[in-house]
Amino acid sequence: MSPLPEYGNRRVIKPIAGRNCDDPKIDYKDPVYLTKFLNPQASIFSRKRTGFCTQCQRELKLAIKRSRHLGLMPFFG
Amino acid sequence: MFLLNNQAVRTDWASAKSAVTDLLHKHGAKVLTARRWDERQLAYKIRGCLRATFLLVHYEHQGPGVATVRRDLDIEERILRYLILKVETIPAGEMEASQAELEAGFTVPVPPRDDEVVLTPIEPPKMDDEVEDVVDMVAEVEA
């Protein structure tokens with residue numbers, strides 16, 4: 001019988017980019033920066049993956065959606 | 001932010017820009033800044049266009065609302081899409097950039113065609129000294 005897996009062996013996903021909340025607001029006119037937070041299917045990474053706080057993640061979501069509306073970023077990859 | 005049809009921009013930039021500013025004036029808005037932000041390829045087709053020119057406008061509007069402005073913007077053919085946002089202050093440098101566009105010597109580059117593919121040269125990957133040595137050794141052995 002195989003031993004049970006240890007809880008400490010769970011794979012840890014490293015956040016993409018740390019961001020201070022004091023940094024300038026995330027801009028919808030900067031698709032190069034925003035693209036870092038999309039997966040190949042162009043969906044937004046979760047907070048766990050981006051490493052953002054709640055407010056920054058909301059700003060990111062809003063900026064990406066505005067950028068998509070203007071055709072700067074794709075809706076799907 | 002307004003997306004302008006490149007066909008209108010090719011014909012005359014001033015008239016394409018005035019399509020937005022005149023419409024805003026018509027609804028009682030005061031245009032503070034209006035400048036060409038960029039000309040870019042779009043991520044998807046908008047009204048059959050793959051490229052568009054972006055016009056960034058800051059204006060004051062104290063009317064009943066933006067519903068009537070939106071209605072007219074939807075009808076205007078030269079405007080592919082728009083995004084109206086509320087901002088507290090005008091970002092630094094916007095006024096200067098807008099004034100620079102109003103000066104006599106300002107010219108707008110002719111936008112490329114929709115089907116024109118703009119290729120950017122790919123730089124070869126940089127090799128470390130050790131890798132270069134190995135490549136040289138392999139070349140010597142093969143010779």
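In this text the structure is predicted, and so the values were computed from the model without any measurement.

What counts, and where the lines are drawn
Residues numbered from 1 in each chain as written. Chains lettered and ligands numbered in written order. Predicted model: local features only at pLDDT ≥ 70, side-chain atom pairs only at ≥ 80, totals over all residues. Heavy atoms only, no water. Pairing = 2+ DSSP bridges. Helix = DSSP H or I, 4+ residues; strand = E, 2+ residues; numbered from the N terminus. Axes fitted to C-alpha atoms, helices over the stretch in contact; angles between N-to-C directions. Contact = heavy atoms within 4.5 Å. Parallel < 35°, antiparallel > 145°, perpendicular 65-115°, else oblique. Left-handed = near helix turned anticlockwise from the far one by under 90°. Nonpolar A, V, L, I, M, F, W, Y, C, P; charged D, E, K, R; others polar. Buried area = accessible area lost by both parts, 1.4 Å probe. Salt bridge = Lys/Arg side-chain N within 4 Å of Asp/Glu carboxyl O. Polar contact = N/O pair within 3.5 Å; in protein donor to acceptor, adjacent residues only side chain to side chain.

(A) Spotlight on the sheet that holds strand E2 (residues 30-46) of chain B. Residues and elements named next belong to chain B. If you walk across this open sheet you meet the four strands as E2-E3-E1-E4, and the pairing is antiparallel. Each end of this open sheet is capped by a strand with a single partner; those strands are E2 and strand E4 (79-82). When the angles between neighbouring strand axes are averaged without regard to direction, this sheet yields 25°. As paired elements, strand E1 (residues 2-5) and E4 share three bridges and run antiparallel to each other. The partner of Phe2 across the bridge, within E4, is Tyr82. Here helix H2 (residues 13-26) sits on the sheet in contact with E1, E2, strand E3 (49-60) and E4, set at roughly 45° to E3.

(B) Seen up close, the packing of H2(B) against helix H3 (residues 67-75) of chain B. Residues and elements named next belong to chain B. Relative orientation of the contacting elements H2 and H3 amounts to 150°, with a least axis distance of 10 Å. Taken together, H2 and H3 sit at an angle that is classed as roughly antiparallel. Regarding H2 and H3, the two cross each other, and that crossing is right-handed. Counted together, Leu23, Leu24 and Lys26 of H2 and Val69, Asp72 and Leu73 of H3 form the full contact between these two elements. Of the residues assigned to the contact of H2 with H3, the class counts are four nonpolar, no polar and two charged.

(C) Region of interest: the interface of chain B and chain A. Contact with chain B, which involves 15 residues of that partner, is made by 12 residues of chain A. Buried area between chain B and chain A, summed over both chains or domains, comes out near 1100 Å², and the portion from carbon and sulfur atoms is 70%. Three residues, B:Tyr44, B:Leu83 and B:Leu85, lead the burial of chain B against chain A; their summed loss comes to 38% of the area buried on that side. Inspection of the chain B/chain A interface yields zero salt bridges. The interface formed by chain B and chain A includes five residue pairs in polar contact (both at pLDDT 80 or more). Those elements that provide at least two residues to the side of chain B that touches chain A are E2, E3 and E4 of chain B. Of the residues forming the side of chain B that touches chain A, the biggest block, seven residues, is contributed by E2(B). In terms of residue class, the side of chain B that touches chain A is built from 12 nonpolar, one polar and two charged.

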